[in-house]
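One-letter residues, chain by chain:
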Amino acid sequence: MYQMLGLQRLLWAYAVVVAAIAVAIYTLRPPAFGPELGAPIGYAGTIAGFLFWLLGQTRAFPVICRLPIIKLYIPDIDGEWKGFVRSNWPRVQSHQRASEPGAPSVDTIPLLDVAVTARITARLFRVGMSLVSGNQHSESHSLAVRVRRVSDSGRVELIQVYENTNKNPSSDDQQSHFGASLLELKPDSTPPKLTGFYWTNRNWASATNTAGMLELTRQ
């Protein structure tokens with residue numbers, strides 16, 4: 001999540017905290033001139049590092065993200081989200097039979113809605129996401145996640161690369177595949193939503209890759 005602030009801002013924040021702690025130490029216990037003069041700065045750096053770990057890499061981080069000023073820069077996305085995947089799988093299957101007499105037009109085939117539950121773990125230096133289908137037959141976990149703010153519009157996007165496992169694949173399907181998704185955070189909706197698209201390399205060798213829409217609502 002530190003990408004939301006930018007590395008430069010984060011380093012400035014760390015420097016300010018170190019300076020504040022060092023000044024407090026100098027004030028409470030002024031060091032003598034000599035080798036001891038630099039000791040408070042070393043202590044301040046250690047204390048600041050511990051504070052950044054405690055507040056940024058534990059469950060305290062989502063709480064901090066809900067504070068009035070902080071949430072303007074870093075949105076709170078940690079927690080459980082529920083929604084649905086709208087897959088083009090029925091159209092992929094229909095496309096394979098498109099040459100048959102009387103086959104319907106692909107764009108008239110309804111998409112397949114599958115209920116899903118997602119769990120997002122958001123920390124200052126790490127974001128993870130897992131997703132399980134409602135029937136428990138499919139689950140995925142993130143390999144890489146990035147949260148960014150688009151500079152020209154200010155919208156917040158969650159970009160993910162994941163691995164999916166199918167617990168009960170058919171004879172012509174894969175047990176696992178990789179995919180990616182691009183979701184936009186809708187913070188003004190009540191409750192907040194993540195909406196966007198996903199695409200996979202599922203059965204790519206037979207030109208039947210799957211893709212679709214994903215919508216999640218904060219619980």
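Residues numbered from 1 in each chain as written. Predicted model: local features only at pLDDT ≥ 70, side-chain atom pairs only at ≥ 80, totals over all residues. Heavy atoms only, no water.

Student: Give a detailed account of the pairing of strand E6 (residues 176-186), specifying residues and quantitative values.
Tutor: Relative to E6, strand E5 (residues 156-166) runs antiparallel, the two sharing nine bridges. Note that in E6 the partner of Asn-164 across the bridge is His-177. As judged from the eight bridges shared by E6 and strand E7 (residues 193-200), these two strands associate in the antiparallel manner. Residue pairing in the sheet places Leu-185 in a bridge with Leu-194 of E7. What sits between the antiparallel neighbours E6 and E7 is a turn of six residues. (Pairing = 2+ DSSP bridges. Helix = DSSP H or I, 4+ residues; strand = E, 2+ residues; numbered from the N terminus.)

Student: Any chance you could break down the sheet that holds strand E3 (residues 127-133) for me, citing the residues and the numbers?
Tutor: Around the barrel, which closes on itself, the eight strands sit in the order E1-E2-E3-E4-E5-E6-E7-E8 with antiparallel pairing between neighbours. The mean inter-strand angle of the sheet, taken between neighbouring strand axes irrespective of direction, is 25°. (Axes fitted to C-alpha atoms, helices over the stretch in contact; angles between N-to-C directions.)

Student: Report on the environment of Trp-89, specifying residues and quantitative values.
Tutor: Considering the arrangement of structural elements, one finds Trp-89 in helix H5 (residues 89-96). Exposure remark for Trp-89: the relative accessible area of 18% places this residue in the buried category. Not counting the four nearest positions on each side in its chain, Trp-89 is found in contact with Asn-203, Thr-208 and Thr-210. (Buried < 20%, exposed > 50% of the residue type's maximum accessible area, 1.4 Å probe, protein only. Contact = heavy atoms within 4.5 Å.)

Student: Can you break down helix H3 (residues 39-56) residue by residue, with the values?
Tutor: Compared with the 26 Å implied by 1.5 Å per residue over 18 residues, the 26 Å span of H3 between its first and last C-alpha is a close match. Looking only at H3, the buried set comprises Pro-40, Ala-44, Gly-45, Ala-48 and Gly-56. With its buried residues spanning 140° around the axis, H3 presents them on a single face. Exposed residues lying more than 90 degrees from the buried face of H3 are Tyr-43 and Thr-46. (Expected span 1.5 Å × (residues − 1). Arc of directions from axis to C-beta.)

Student: Hey, could you go over helix H2 (residues 7-28) for me, with residue numbers and the actual values?
Tutor: Spanning 22 residues, H2 covers 32 Å between terminal C-alpha atoms, matching the ideal 32 Å at 1.5 Å per step. Along H2, the positions that sit buried rather than exposed are Leu-10, Val-18, Ile-21 and Ala-22. All buried residues of H2 project into a common sector of 105° when viewed along the axis, lining one side. Seen from the open side of H2, the exposed residues pointing more than 90 degrees away from its buried face are Gln-8, Trp-12, Val-16, Val-23 and Thr-27. Residues of H2 that are buried make contact with helix H1 (2-5) and H3.

Student: Summarise the pairing of strand E2 (residues 112-122); cite the residues concerned and give the values.
Tutor: The pairing of strand E1 (residues 79-87) with E2 spans nine bridges and is antiparallel. If you follow Gly-83 over to E2, its bridge partner there is Val-116. With seven bridges joining them, E2 and E3 adopt antiparallel strand pairing. Each residue of the ladder has a partner; that of Arg-119, found in E3, is Ser-130. Joining the antiparallel neighbours E2 and E3 is a turn of four residues.

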